[in-house]
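# Tertiary structure, described
Chain residues, written in single-letter form:
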Amino acid sequence: MTSPRIDVDGVDVSPDHFINGLRVASLNTFEDRSPLDWSWKLADVARGTALEADLAVTAALEAFPAWAALGVDARRPYLERLADLIDENIERIAHVECLDMAMLEESLRLRVISRGARNFRAYAELASQYQARRWSSNGTDNVVLRHPSGPTVVITPWNAPFMLSTWKCAPALAAGNTVVLKPAEWSPLSCSMLMDLVEEADFPPGVFNVVQGYGEEVGAALVSDPRVRRISFTGSPETGRVIGEAAAKNLVPFTAELGGKGPFMVFADADLEAAAAKAAVMFDDAGQVCLAGTRLLVEDSVFDDFLVRLRAESERHVLGDSRESGTTVSALIHPEHFARVKGFVDRARRHGDQILWGGEGLNDVGLWYRPTVIEPVNNDSEVVQREIFGPVLTLQRFRDEDEAVALANSTDYGLSAIIYTSSQERAQRVGARVRAGTVWVNCFLVRDLTAPFGGIGISGVGREGGDYALDFYSDLTTLQIKEGTTHG
Ligand code: NAD
């Protein structure tokens, strides 16, 4: 059973799953609405259940032996063709993702969707460059072999769904695994478009599947299926725990890239203008960015100066329709998420934290929340300790490097950190003491796809990126051959 394709503002999209190379509808659907105008229903999307989860894992299992046996070099053209098709379709994907999650269309078009293509190209190349590690010890020659591990479930969140999904699916496929992807129910459409390109790139049926639906329904069925050999998740720490338990039950290797509450440290020797401009970038996409540095920590002696500059930068922001190029702050994804962000700020106000500016929605109807900066009563305030995932920053001062590091490391999270300083020595010193998977100095969001990526504490389990990801999606075998074993 297949549903009619739908017209999403001029772009043709399937609301169905993609299983074993075919579009598959479900008995039930869920509504997908646009955060730009909540009365605008974009689609009724297939609402998967345990049945579709089972079909998709079965397809991935059956496709696995042939895909694995192809080898890295024969798999490479599929991934490269998919990358080319993504590049050819950037405008269409960017437009739909903008309508679906309100991310700024210009940045989707210029950077985010093309990163999806880069993900496939990078892993196609890296996988085929792999040189088995070899060394001699204890009278044996050791060789580390990578084998594809099997059907892989990838579960992704609603922010930047296309880019984040391809970041995980690309290494899994390059390593020789087959994939079942479940995108988030709040922004399901761009991953459905990816499946049109998978079909066009002629992937064998069952190698790359998408099921749509709610996490507690189809997501839970996927991660508890004992035939699945890898689970890769991006989302909140709360869901990460639930999926981790399911993975543990079946003893399945699992990685999780989870929430963040990154410190943004500004030392007195920093270029304050650059630091304030970058701090205001944290409001882009309404702050719905896991890696954002949302806790501003500023050295006492430059605190007032920084505050004035930050306010000026913050006032430059334009809240509006994400399709328009002048807009810099998008709407929040969903009324429930708007209520969550508002709840944090309202509780902070009652708690005695000082709202320096912002602290309210733009109007009574839309999902826009004003860029907000809060000076908390102390470091225990909820707005300091918990991820808000909205355009809300906290601002605290520190006296010296030790206090800066102590504050930076004072939450349960450890995804990313940002340091502004003009001193190379300080950058090295503080960078080594901050507890975070990624530390940026005088920059933000610069990524080398071969570097390890992940979080510490409740920000994640395991590492992806480069060979770290390829190792994760593979079964490693150490082959030990006694020296002197003759040829022939
Ligand atoms: P979420 O945890 O609510 O949902 C993520 C995904 O998990 C969705 O697809 C959802 O349907 C699914 N899910 C929910 N319950 C499930 C279950 N029981 N079994 C299987 N799947 C289930 O997260 P969200 O609200 O979509 O995303 C926001 C969170 O993601 C934030 O915490 C953010 O920081 C984090 N995030 C992290 C990174 C990173 O790289 N570390 C990147 C983006 C977002």
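Residues numbered from 1 in each chain as written. Predicted model: local features only at pLDDT ≥ 70, side-chain atom pairs only at ≥ 80, totals over all residues. Heavy atoms only, no water.

## Some remarks on the sheet that holds strand 7 (residues 134-137)
Stated formally: Any two strands are treated as partners once DSSP identifies two or more bridges connecting them. The way it works is that DSSP assigns letters per residue, a run of H or I at least four long becomes a helix, a run of E at least two long becomes a strand, and they are numbered from the N terminus. For helices, the fitted line uses only the C-alpha atoms of the stretch in contact; every axis is such a line through C-alpha atoms, and the angle between N-to-C directions lies from 0 to 180 degrees.
Taken in spatial order, the three strands line up as 7-8-22 in an open sheet, and their pairing is antiparallel. Looking at which strands have only one partner, the edges of the open sheet turn out to be strand 7 and strand 22 (474-482). For this sheet, the mean inter-axis angle between neighbouring strands, taken without regard to orientation, is 30°. Pairing of strand 8 (residues 140-148) with strand 22 involves nine bridges; the strand directions are antiparallel. Bridging across to strand 22, aspartate 141 finds its partner in isoleucine 481.

## Considering the packing of aromatic side chains
The cut-off we apply is this: By convention, a stacked pair of Phe, Tyr or Trp rings (six-membered ring in the case of Trp) has centres within 6.5 Å and planes under 30 degrees apart, an edge-to-face pair has planes over 60 apart, and any other such pair is tilted. Two limits define a charge over a ring: the Lys NZ or Arg CZ must be within 6 Å of the ring centre, and within 35 degrees of the ring normal.
Following the criterion strictly, the structure yields 14 aromatic pairs and no others. Ring pairing ties together the aromatic residues Trp67, Tyr78, Phe203 and Phe208, which thus form one cluster. Between arginine 230 and the ring centre of phenylalanine 472, over which it is positioned, the NZ or CZ distance is 5.7 Å. Lying across the ring of phenylalanine 344, arginine 347 places its NZ or CZ 5.0 Å from the centre.

## Some words on the domain arrangement of the protein
Under the convention used in this document: These domain boundaries are the output of an automatic or database domain assignment. Buried area: the sum, over both parts, of the accessible surface (1.4 Å probe) that disappears when the two are put together. The rule for a salt bridge is simple: a side-chain nitrogen of Lys or Arg has to be within 4 Å of a carboxyl oxygen of Asp or Glu. Throughout this description, a polar contact denotes any pair of N or O atoms lying within 3.5 Å of each other; where both atoms belong to protein, one of them has to be capable of donating a hydrogen while the other can accept it, and for residues adjacent in sequence the pair is counted only when both atoms sit in side chains. Lys, Arg, Asp and Glu make up the charged group, whereas Ala, Val, Leu, Ile, Met, Phe, Trp, Tyr, Cys and Pro make up the nonpolar group; the residues left over, Gly among them, are polar.
Split into domains, the protein comes out as domain 1 (6-258 + 455-478) and domain 2 (262-441). Once you take the C-alpha centre of each, domain 1 and domain 2 turn out to be 30 Å apart. Between domain 1 and domain 2 the total buried area reaches about 2300 Å² when both faces are included, carbon and sulfur atoms providing 65% of it. On the surface where domain 1 and domain 2 come into contact, there are zero salt bridges. At the boundary of domain 1 and domain 2, one finds 10 residue pairs in polar contact (both at pLDDT 80 or more). Put simply, the parts of the chain that give the side of domain 1 that touches domain 2 at least two residues each are strand 6 (37-46), helix 3 (90-101) and helix 4 (105-129). If you tally residues by element for the side of domain 1 that touches domain 2, the top one is helix 3, at five residues. Of the residues belonging to the side of domain 1 that touches domain 2, the class tally is 16 nonpolar, seven polar and five charged.

## Things to note about the side chain of arginine 75
Applicable threshold: Buried means the residue's accessible area, taken with a 1.4 Å probe over protein chains only, is under 20% of the maximum for its type, while exposed means over 50%, and partly exposed covers the values in between. His residues and chain termini do not enter the charge count, which takes Lys and Arg as positive and Asp and Glu as negative.
Here arginine 75 lies in helix 2 (residues 72-88). Aspartate 73 is the oppositely charged side chain nearest to the buried, salt-bridge-free arginine 75, at an N-O distance of 8.6 Å.

## Let's talk about the pairing of strand 8
Bridging between strand 7 and strand 8 involves four bridges; their strand directions are antiparallel. Counterpart to serine 136 in the pairing with strand 8 is aspartate 141. Linking strand 7 back to strand 8 in an antiparallel pair, the connection comprises two residues, with asparagine 138 at a positive phi of about 50°.

## Here's the deal with the packing of helix 1 (residues 50-70) against helix 2
Selection rule: Here roughly perpendicular refers to angles of 65 to 115 degrees, roughly parallel to angles under 35, roughly antiparallel to angles over 145, and oblique to all remaining angles. Contacts are residue-level and defined by heavy atoms, with any inter-residue pair within 4.5 Å sufficient.
Remark: helix 1 packs on helix 2, axes separated minimally by 6 Å, with the N-to-C direction vectors making an angle of 105°. Here helix 2 runs roughly perpendicular to helix 1, going by the angle between their axes. Facing Trp67, Ala68 and Leu70 of helix 1, the residues of helix 2 in contact are Val72, Ala74, Arg75 and Tyr78. When its residues are assigned to classes, the contact of helix 1 with helix 2 shows six nonpolar, no polar and one charged.

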